[in-house]
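# Architecture and fold: a report
What follows is each chain in one-letter form.
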Amino acid sequence: MFGNDAEFLLSLHRSHAAELRAEAAADRLARSLARRHARDWFGRRHHAGRTGDARR
(Lines give C-alpha, C1' and ligand atoms only; values in the text may rest on other atoms or scores of the structure.)
Protein backbone atom coordinates (compact mmCIF):
# COMPACT_ATOMS: atom_id res chain seq x y z
CA MET A 1 0.00 0.00 0.00
CA PHE A 2 2.74 2.47 0.97
CA GLY A 3 6.04 2.49 -0.86
CA ASN A 4 8.05 3.99 1.97
CA ASP A 5 7.79 5.63 5.36
CA ALA A 6 7.52 9.13 3.91
CA GLU A 7 4.33 8.24 2.03
CA PHE A 8 2.89 6.64 5.15
CA LEU A 9 3.69 9.66 7.29
CA LEU A 10 2.23 12.03 4.70
CA SER A 11 -0.95 9.96 4.54
CA LEU A 12 -1.18 9.91 8.32
CA HIS A 13 -0.66 13.67 8.47
CA ARG A 14 -3.35 14.32 5.86
CA SER A 15 -5.92 12.10 7.58
CA HIS A 16 -5.19 13.69 10.95
CA ALA A 17 -5.46 17.18 9.44
CA ALA A 18 -8.80 16.23 7.90
CA GLU A 19 -10.05 15.01 11.29
CA LEU A 20 -8.97 18.27 12.92
CA ARG A 21 -10.73 20.32 10.24
CA ALA A 22 -13.93 18.28 10.69
CA GLU A 23 -13.78 18.72 14.46
CA ALA A 24 -13.24 22.47 14.12
CA ALA A 25 -16.17 22.73 11.71
CA ALA A 26 -18.41 20.82 14.13
CA ASP A 27 -17.36 23.14 16.97
CA ARG A 28 -18.09 26.23 14.86
CA LEU A 29 -21.51 24.84 13.95
CA ALA A 30 -22.32 24.07 17.57
CA ARG A 31 -21.34 27.60 18.64
CA SER A 32 -23.34 29.20 15.85
CA LEU A 33 -26.60 27.45 16.72
CA ALA A 34 -28.94 29.28 19.04
CA ARG A 35 -29.20 27.63 22.44
CA ARG A 36 -32.19 29.56 23.75
CA HIS A 37 -34.01 26.49 25.07
CA ALA A 38 -31.03 25.23 27.02
CA ARG A 39 -30.42 28.63 28.55
CA ASP A 40 -34.07 29.06 29.53
CA TRP A 41 -34.26 25.61 31.09
CA PHE A 42 -31.02 25.83 33.07
CA GLY A 43 -31.09 29.57 33.57
CA ARG A 44 -30.97 31.18 36.99
CA ARG A 45 -34.42 32.67 36.51
CA HIS A 46 -36.02 29.28 37.11
CA HIS A 47 -34.01 28.55 40.25
CA ALA A 48 -33.90 32.04 41.78
CA GLY A 49 -36.82 31.36 44.13
CA ARG A 50 -35.46 28.01 45.30
CA THR A 51 -32.08 29.04 46.72
CA GLY A 52 -33.24 28.55 50.34
CA ASP A 53 -34.95 25.21 49.61
CA ALA A 54 -31.73 23.51 48.57
CA ARG A 55 -30.03 24.28 51.89
CA ARG A 56 -32.67 22.65 54.09
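If you're wondering where the values come from, they're calculated on a predicted model, not measured in any experiment.

### Some points on the overall build of the protein
In terms of helices and strands, the protein carries three helices and zero strands. Secondary structure elements in the protein, listed N-terminal to C-terminal, are α-α-α. For the protein, with 56 residues in total, the buried portion stands at 4%. Within the structure as shown, the protein displays about 5,800 Å² of accessible surface, and the carbon and sulfur contribution to it stands at 56%.

### Let's talk about a nonpolar patch on the surface
On the surface, F8, L9 and L12 cluster together to form a nonpolar patch covering roughly 290 Å² of accessible area. Position of L9 relative to the elements: it lies in helix α1 (residues 5-32).

### Brief notes about α1
For α1, built from 28 residues, the straight-helix expectation of 40 Å at 1.5 Å per residue is met to within 8% by its first-to-last C-alpha distance of 40 Å. Between a side-chain oxygen at the N-terminus of α1 and the backbone nitrogen of A6 the separation is 3.2 Å; the capping residue is N4.

### Some points on the confidence of the model for the protein
The share of residues in the protein with pLDDT of 70 or more is 55%, and the mean pLDDT across the chain is 77. Summarising per-element confidence for the protein, the mean pLDDT is lowest in helix α3 (residues 44-47) (54) and highest in α1 (94).

### Let's talk about the environment of N4
Tracing the sequence through the fold places N4 in the segment before α1. Here E7 takes part through its backbone nitrogen, which lies 2.9 Å from a polar atom of the side chain of N4.

The rules behind these values
- Residues numbered from 1 in each chain as written.
- Predicted model: local features only at pLDDT ≥ 70, side-chain atom pairs only at ≥ 80, totals over all residues.
- Heavy atoms only, no water.
- Helix = DSSP H or I, 4+ residues; strand = E, 2+ residues; numbered from the N terminus.
- Buried < 20%, exposed > 50% of the residue type's maximum accessible area, 1.4 Å probe, protein only.
- Areas by Shrake-Rupley, 256 points an atom, 1.4 Å probe, with all protein chains shown as cover.
- Patch = residues over 30% accessible without salt bridge, like charges linked within 9 Å, V, L, I, M, F, W, Y side chains within 5 Å.
- Salt bridge = Lys/Arg side-chain N within 4 Å of Asp/Glu carboxyl O.
- Expected span 1.5 Å × (residues − 1).
- Polar contact = N/O pair within 3.5 Å; in protein donor to acceptor, adjacent residues only side chain to side chain.
- pLDDT = per-residue confidence, 0-100.

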